[in-house]
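# Structural overview
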Amino acid sequence: MAPLNIAIVGAGIGGPAAAVGLARNGHNVTLYERAPAIGSVGFAFRVTPNSDRCLKFLGIDALAGGAVAADLCRMMTSKGELLGESRENQNPEGVNGGLSVFAHRPALQKQLIDEAKRWGAQIKTGIEVTSVDVPSRTITFSDGSKSAVDLIIAADGVNSCIRPKIVDSTLYSLKASTGHNCLRATMPLQAVLDDPITSHAVNDELRLLSWHGDHKIIIGYVVNHGRLFNIVCAHPEELSNGEASSGDDAGKTGSEHRISLDKARDIYKDFDKVAVRLIELADPGSFRVWKLMDMDDIPRWSADRVVLLGDACHPLVPFGFSGASMAIEDAVTLTELLPSDVNLEQVQGRLHLYERIRKPRVAKVRDQSRLVASNFKQPGGFKAFREFLDNHDAAEFAKREL
């Protein structure tokens, strides 16, 4: 059976994960990324056991790449009063070997890219896709050149340029469903350990701290071989809308929008002094503020042999730990559904099956993520949600459905 010629657009996390699996299956895979380099910038995220299991399926050891095991996690009120502690990774066999870890995005991205290359995928950076013709599966690039392939996978993120070719973007668009913006920053862990206010905050066992207010939350955790500390601070959008923007963009925020240290400190001035000090220790030049966006269900994820993956079809707010995790599960599902012996006539049916498998699970994750944002202190049903999330095996589930 002739291998498929597959183009993947976008080299975040889901795109490279799909490149690994599909190249390993023997297909001819080319991954296009508009950025001139891969893995040079980025923050961090939690890899839950379900997605760690997927990474292992793809041959990726997140810990070897610098991810840090979750271990002890401490939750507090905004004033620093203890709400509870949890120990993760106590029974990895119970979740089929999957671990809960904190990953630095550039490190995991590099692991995936290197593994994709090892299986023969071509990685082309500095190339921007401007348009896709669905019936002919033809990609047009910013320099005017074109490429026709058997299958296009759009992993080009929340602002996907390919999604409008699949669904009507005037009817299905991004929304600020929870009304939150999010501030992210990283700092050397040593700076945290050396500061008299924060020196006790983390240790070799305690790897995550979170402060929960009614409408604001700060989460901090250790990443990158224990060298960096990452903080994520969500708050009502009106507190930072318009930061570092001007003119027509005054009401918008995005990944390239900076926020001043004074503004960040003012947003969380009523929080525990340790949390505020963590904000102060971050490099003010590293602060970025995002408007947290997701999307309701769209009617389809594919048209002909063009298919969406990850944030391109199901952007999520981060309160369910699952943006990257769902993209990785998508990639593994496609890997199982498009084995080496799949023929061209079967592909469209397999893409429909991919959608039927993934949409119900992603919808539940989206709904729970929104629910958490409604009450950071006591999110309803969260224990049951973590069981639903952690125990899933995307590869085995897809194999059974095939």
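Quick look at the structure, then.

About the thresholds
Residues numbered from 1 in each chain as written. Predicted model: local features only at pLDDT ≥ 70, side-chain atom pairs only at ≥ 80, totals over all residues. Heavy atoms only, no water. Core = buried A, V, L, I, M, F, W, Y, C linked by side-chain atoms within 4.5 Å. Buried < 20%, exposed > 50% of the residue type's maximum accessible area, 1.4 Å probe, protein only. Helix = DSSP H or I, 4+ residues; strand = E, 2+ residues; numbered from the N terminus. Contact = heavy atoms within 4.5 Å. Pairing = 2+ DSSP bridges. Axes fitted to C-alpha atoms, helices over the stretch in contact; angles between N-to-C directions. 1 Å grid on protein atoms, 1.4 Å probe; cavity = no way out; pocket = protein on both sides within 12 Å on 5 of 7 lines; lining within 4 Å. Points joined across faces, edges and corners; volume = space filled by probe spheres on them. Nonpolar A, V, L, I, M, F, W, Y, C, P; charged D, E, K, R; others polar. Right-handed = clockwise from strand over helix to strand, strands pointing away. Lys, Arg positive; Asp, Glu negative; His and termini not counted. Salt bridge = Lys/Arg side-chain N within 4 Å of Asp/Glu carboxyl O. Polar contact = N/O pair within 3.5 Å; in protein donor to acceptor, adjacent residues only side chain to side chain.

### Looking at the nonpolar core
If you look at the biggest cluster of nonpolar residues, it comprises 79 residues, and the most contacted ones within it are I8, I139, I153 and L309. A total of eight residues in this core trace back to one element, the largest contributor, which is helix 8 (residues 323–337). Apart from residues no more than four positions distant in its own chain, L309 is found in contact with G14, G15, A18, I153, A154, A155, A327, D330, A331, L334 and Y354. Formed by 32 residues, the second largest nonpolar core is a distinct cluster that contains V68, V202, I218 and Y268.

### Digging into the pairing of strand 9 (residues 129–133)
Direction of pairing for strand 9 relative to strand 10 (residues 138–141): antiparallel, over a ladder of four bridges. Paired with D133 across the bridge in strand 10 is T138. Taking the residues between adjacent antiparallel strands as the criterion, strand 9 and strand 10 are bridged by four residues, where R137 takes a positive phi near 50 degrees.

### Considerations on helix 7 (residues 273–281)
Residues of helix 7 that are buried include every one of V274, A275, V276, L278 and I279, and no others. The inward-facing, buried residues of helix 7 contact strand 13 (180–188), helix 5 (189–194), strand 14 (206–212), strand 15 (217–223), strand 16 (228–236) and helix 6 (261–267).

### Describing the sheet that holds strand 3 (residues 44–47)
Spatial strand order, 3-7-4: three strands in an open sheet with antiparallel pairing. Both edges of this open sheet fall to strand 3 and strand 4 (68–69), since each of them pairs with a single strand only. Summarising the sheet, strand 4 and strand 7 (residues 101–104) pair through two bridges and their orientation is antiparallel. Residue pairing across strands places A69 opposite V101, the latter belonging to strand 7. Across the face of the sheet, helix 3 (residues 105–118) comes into contact with strand 3 and strand 7 while running at roughly 80 degrees to strand 7.

### Some details on empty space enclosed by the protein
Under the defined criterion, the tally for this structure stands at one cavity of 30 Å³ or more. A volume near 80 Å³ is recorded for the largest cavity. Residue lining of the largest cavity: 13 residues in total, with D297, C313, H314, V362 and R366 positioned closest to the centre. Classifying every residue of the lining of the largest cavity gives eight nonpolar, one polar and four charged.

### A short note on the pairing of strand 1 (residues 5–9)
Among the five residues of strand 1, four are classified as buried, and the element is accordingly described as predominantly covered. Here strand 1 pairs with strand 2 (residues 28–33) via five bridges, running parallel. The residue bridging A7 from the neighbouring strand is T30, located in strand 2. A crossover connection joins strand 1 to the parallel strand 2 through helix 1 (residues 14–24); in handedness this β-α-β unit is right-handed. Here strand 1 pairs with strand 12 (residues 151–154) via four bridges, running parallel. Directly across from I6, in strand 12, lies its bridge partner L151.

### Side note on the environment of K273
Looking at where K273 falls in the secondary structure, it is placed in helix 7. By relative accessible area, which is 61% here, K273 ends up exposed. For the pair K273 and K79, spaced 194 residues apart in sequence, the C-alpha to C-alpha distance is 8.0 Å.

### Section: the side chain of R207
Mapping R207 onto the fold places it in strand 14. For R207, which is buried and forms no salt bridge, the nearest opposite charge comes from D204, at a distance of 4.4 Å. Of the polar contacts made by the side chain of R207, one reaches the backbone oxygen of N203; its length is 2.4 Å. Not counting residues within four places of it along the chain, the set of residues in contact with R207 comprises V68, A69, A70, D71, L72, F102, G220, Y221, V222 and G226.

Treat this as a map of the structure, not an account of what it does.
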